[in-house]
Amino acid sequence: MKAILTIQRDVIDELRWDPRIHTRDLGVVESGGIVTLSGTVATYAEKWAAELAAERVAGVRAVASELTVVLCAAHVRSDADLAHRILDGFRWDVNVPDTRLLATVANGWVQLDGAVEWQYEKDAAERVVRNITGVRGITDSVHVSPTASAYDVRTRIGEALRRQGEEQAACISVLADDHVVTLRGTVTSFAERRAAEIAAWSAPGVREVRDEIRVGL
């Protein structure tokens, strides 16, 4: 297991390496593989990028984000303006089923509701909102309700992991029951855990993924 100071230093270096993260004075505290980020950032997109950067570091088992989005005056938008921009963004993105989604904006915070057939559609909708100037945060309550069959989902996920070259694929067990997939096992990095979760969401018929994978040696 990497030493506490090593993980902390690696997270700080990763934050500084990512060009999407402009703030240089973010707080980083590590304890037992759990990294806590604190401080202020200028946009929600930067907050998301910082959380993702911390997750990429080897030895990180979980990320607790206490980052706050503080908009500069030029980035402040009215809730009505944000709502119009979000709806326009949904219409322009071919991966977003805009007629199935509802966006509610309050003080710059966006609540997403609705139902989609695929996880990538849910992710695409959140990506659209995340990159709009003036957004302070997102609560994503969109449900994945697929119409496809969950037939042989366990085999499909295992094959996907092997195709992507995940060395720990054999260490992950996949249980599929009524469109719900449970992932279990132990991997050596948070990135491998994330890859398994993404592969599970990409399988036809999956409407929920329960990630019980542990990160350890």
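A.B. asks: Where do I start with the pattern of salt bridges in this structure?
C.D. replies: If the charged atoms of two oppositely charged side chains come close together, the side chains can form a pair. Evaluation of the coordinates by the stated rule reveals 14 salt bridges. Between D81 and R85 there is a salt bridge whose closest N-O contact spans 3.1 Å. With a gap of four residues between them, D81 and R85 both fall in helix α3 (residues 79-92), about one helical turn apart. On the basis of relative accessible area, R85 is assigned to the partly exposed category, the value being 37%. Among the salt bridges present, the one from D211 reaches R193, with a minimum N-O distance of 3.0 Å. On the criterion of sequence distance, the pair formed by D211 in strand β10 (residues 208-215) and R193 in helix α6 (residues 190-201) is long-range, its members being 18 residues apart. Of the residues examined, D211 reaches a relative accessible area of 19% and is grouped as buried.

A.B. asks: Can you help me understand the sheet that holds strand β9 (residues 180-187) in this one?
C.D. replies: Backbone-to-backbone hydrogen bonds pair the strands of a sheet. The strands run either parallel or antiparallel. Pairing is mixed in the open sheet, where three strands are placed in the order β8-β9-β10. Each end of this open sheet is capped by a strand with a single partner; those strands are β8 (172-177) and β10. In this sheet, adjacent strand axes meet at a mean angle of 10° when their direction is disregarded. Lying on the sheet, α6 is in contact with β8, β9 and β10; it crosses β10 at an angle near 160°.

A.B. asks: Could you clarify how one ought to interpret the sheet that holds strand β3 (residues 62-69) in this entry?
C.D. replies: Taken together, three strands build an open sheet; the order of strands is β1-β2-β3 and the sheet is mixed. Of all the strands in the sheet, the pair left with one neighbour each is β1 (27-31) and β3. Adjacent strand axes in the sheet meet at a mean angle of 10°, parallel and antiparallel pairs treated alike. As judged from the eight bridges shared by strand β2 (residues 34-41) and β3, these two strands associate in the parallel manner. Across the sheet, the residue bridging to V41 is V69, located in β3. Here helix α2 (residues 44-56) sits on the sheet in contact with β2 and β3, set at roughly 160° to β3.

A.B. asks: How should the side chain of S189 be read in this particular structure?
C.D. replies: Within the secondary structure, S189 is located in the loop between β9 and α6. Classification of S189 by relative accessible area gives buried; the value is 13%. Looking at S189, its side chain comes within polar contact range of the main-chain nitrogen of E192, at 3.2 Å.

A.B. asks: Sorry if this is basic, but what is going on with helix α4 (residues 119-130) here?
C.D. replies: Because each turn of an α-helix spans 3.6 residues, side chains separated by three or four positions end up pointing in the same direction. Counted at 1.5 Å a residue, the expected span for α4 with its 12 residues is 16 Å, and the 16 Å between its end C-alpha atoms agrees. Counting buried positions along α4 gives nine out of 12 residues, so the element sits mostly inside the fold.

A.B. asks: I tried to follow the packing of aromatic side chains on my own but got confused; where do I start?
C.D. replies: Note on aromatic pairs: each is described by the distance of the centres and the angle between the planes. Tallied over the full model, the rule gives one aromatic pair. On the basis of an interplanar angle of 40° and a centroid distance of 6.3 Å, the ring pair of W118 and Y120 is categorised as tilted. What makes W118 partly exposed here is its relative accessible area of 29%. Y120 sits in the partly exposed class, given a relative accessible area of 45%. Taking the ring centre of W48 as reference, the NZ or CZ of R130 above it sits at 3.6 Å.

Analysis parameters
- Residues numbered from 1 in each chain as written.
- Predicted model: local features only at pLDDT ≥ 70, side-chain atom pairs only at ≥ 80, totals over all residues.
- Heavy atoms only, no water.
- Salt bridge = Lys/Arg side-chain N within 4 Å of Asp/Glu carboxyl O.
- Helix = DSSP H or I, 4+ residues; strand = E, 2+ residues; numbered from the N terminus.
- Buried < 20%, exposed > 50% of the residue type's maximum accessible area, 1.4 Å probe, protein only.
- Pairing = 2+ DSSP bridges.
- Axes fitted to C-alpha atoms, helices over the stretch in contact; angles between N-to-C directions.
- Contact = heavy atoms within 4.5 Å.
- Polar contact = N/O pair within 3.5 Å; in protein donor to acceptor, adjacent residues only side chain to side chain.
- Expected span 1.5 Å × (residues − 1).
- Phe/Tyr/Trp six-rings, centres within 6.5 Å; stacked < 30°, edge-to-face > 60°.
- Lys NZ or Arg CZ within 6 Å of the ring centre and 35° of its normal.

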